[in-house]
Amino acid sequence: MAQHFLLSAAARTLSLRAIYSEGEEVAYRRFCRLRWPDTEGAPVCPLCGCMDIYEVTTRRRFKCAACYRQFSVTSGTIFASRKLTFVDLLGAICLFVNASKGLSAV
Ligand SMILES: [Zn+2]
């Protein structure tokens, strides 16, 4: 009988302890890798798909060289206009996806 995916080692790669011990910068980079997995976390313009991007380092935003639109790693996602830190967002995702019996979104 095959093992359920949630019991496998691959499903346990995102631990709550690791998320909170690594800090905000690592959580931000992890968010980038999750958002743009094809480019290993390098930003891609969500509007035109251009990969020629300027980075606004002071505000964690990016600017597209083709359409000049500014965007962030959370633009166009449910995390846009968030007030939580990336560590807290990632921690909430970890708790939510690892609750095998389900978890209230509230
Ligand atoms: Zn663009």
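Higher on the page you've got the structure.
To keep things clear, this report deals only with the structure shown in the data block. (Residues numbered from 1 in each chain as written. Predicted model: local features only at pLDDT ≥ 70, side-chain atom pairs only at ≥ 80, totals over all residues. Heavy atoms only, no water.)

Details of the pattern of salt bridges
Move 1: In the structure shown here, the tally under the stated rule is four salt bridges.
Move 2: One salt bridge connects Arg30 with Glu22, and the closest N-O pair in it is separated by 2.5 Å.
Move 3: With a relative accessible area of 17%, Arg30 lands in the buried category.
Move 4: Note that Glu25 is salt-bridged to Arg29, the shortest N-O span being 3.2 Å. Taken together, the positions of Glu25 and Arg29, both in helix H2 (residues 24-35) and four residues apart, correspond to about one turn of that helix.
Move 5: Classification of Arg29 by relative accessible area gives partly exposed; the value is 37%.
Move 6: One connected set of salt bridges, linked through shared partners, spans Glu24, Glu25, Arg29 and Arg60. (Salt bridge = Lys/Arg side-chain N within 4 Å of Asp/Glu carboxyl O. Buried < 20%, exposed > 50% of the residue type's maximum accessible area, 1.4 Å probe, protein only. Helix = DSSP H or I, 4+ residues; strand = E, 2+ residues; numbered from the N terminus.)

Considering helix H3 (residues 86-98)
Move 1: Taking 1.5 Å per residue, 13 residues should reach 18 Å; H3 reaches 18 Å between its end C-alpha atoms and fits that length.
Move 2: Inspection of H3 places Phe86, Val87, Leu89, Leu90, Gly91 and Cys94 among the buried residues, and these make up the whole buried set.
Move 3: Buried residues along H3 sit against helix H1 (16-22) and H2. (Expected span 1.5 Å × (residues − 1). Contact = heavy atoms within 4.5 Å.)

Here we look at H2
Move 1: In a regular helix each residue adds 1.5 Å, so twelve residues correspond to 16 Å; H2 covers 16 Å between its end C-alpha atoms and thus fits that length.
Move 2: Along H2, the residues classified as buried are Ala27, Tyr28, Arg30, Phe31 and Cys32.
Move 3: Buried residues along H2 sit in contact with H1, strand E2 (61-64) and H3.

A look at the side chain of Thr74
Move 1: Structurally, Thr74 is set in the loop between strand E3 (70-71) and H3.
Move 2: On the basis of relative accessible area, Thr74 is assigned to the buried category, the value being 4%.
Move 3: Other than its neighbours up to four places away in sequence, Thr74 contacts Phe31, Arg35, Phe79, Ala80, Arg82 and Phe86.

Focus on a nonpolar patch on the surface
Move 1: There is a patch of nonpolar side chains on the surface, built from Leu95, Phe96, Val97 and Leu103 and spanning about 370 Å² of accessible area.
Move 2: Inspection of the secondary structure assignment puts Leu95 in helix H3. (Patch = residues over 30% accessible without salt bridge, like charges linked within 9 Å, V, L, I, M, F, W, Y side chains within 5 Å. Areas by Shrake-Rupley, 256 points an atom, 1.4 Å probe, with all protein chains shown as cover.)

What about the layout of surface pockets?
Move 1: Considered as a void within the structure, the largest pocket measures approximately 220 Å³ in volume.
Move 2: Taken together, Thr13, Leu14, Arg30, Phe31, Arg33, Leu34, Arg35, Val73, Thr74, Thr77, Phe79 and Ile93 make up the lining of the largest pocket.
Move 3: Per-element accounting of the lining of the largest pocket gives the leading share, five residues, to H2.
Move 4: Grouping the amino acids of the lining of the largest pocket by side-chain chemistry returns six nonpolar, three polar and three charged. (1 Å grid on protein atoms, 1.4 Å probe; cavity = no way out; pocket = protein on both sides within 12 Å on 5 of 7 lines; lining within 4 Å. Points joined across faces, edges and corners; volume = space filled by probe spheres on them. Nonpolar A, V, L, I, M, F, W, Y, C, P; charged D, E, K, R; others polar.)

Considering the environment of Gly23
Move 1: Among the structural elements, Gly23 can be located in the loop between H1 and H2.
Move 2: Taking the relative accessible area as the measure of exposure, Gly23 reaches 22% and is therefore partly exposed.
Move 3: Distance from Gly23 to Val87, taken between C-alpha atoms, is 6.6 Å for residues 64 residues apart in sequence.

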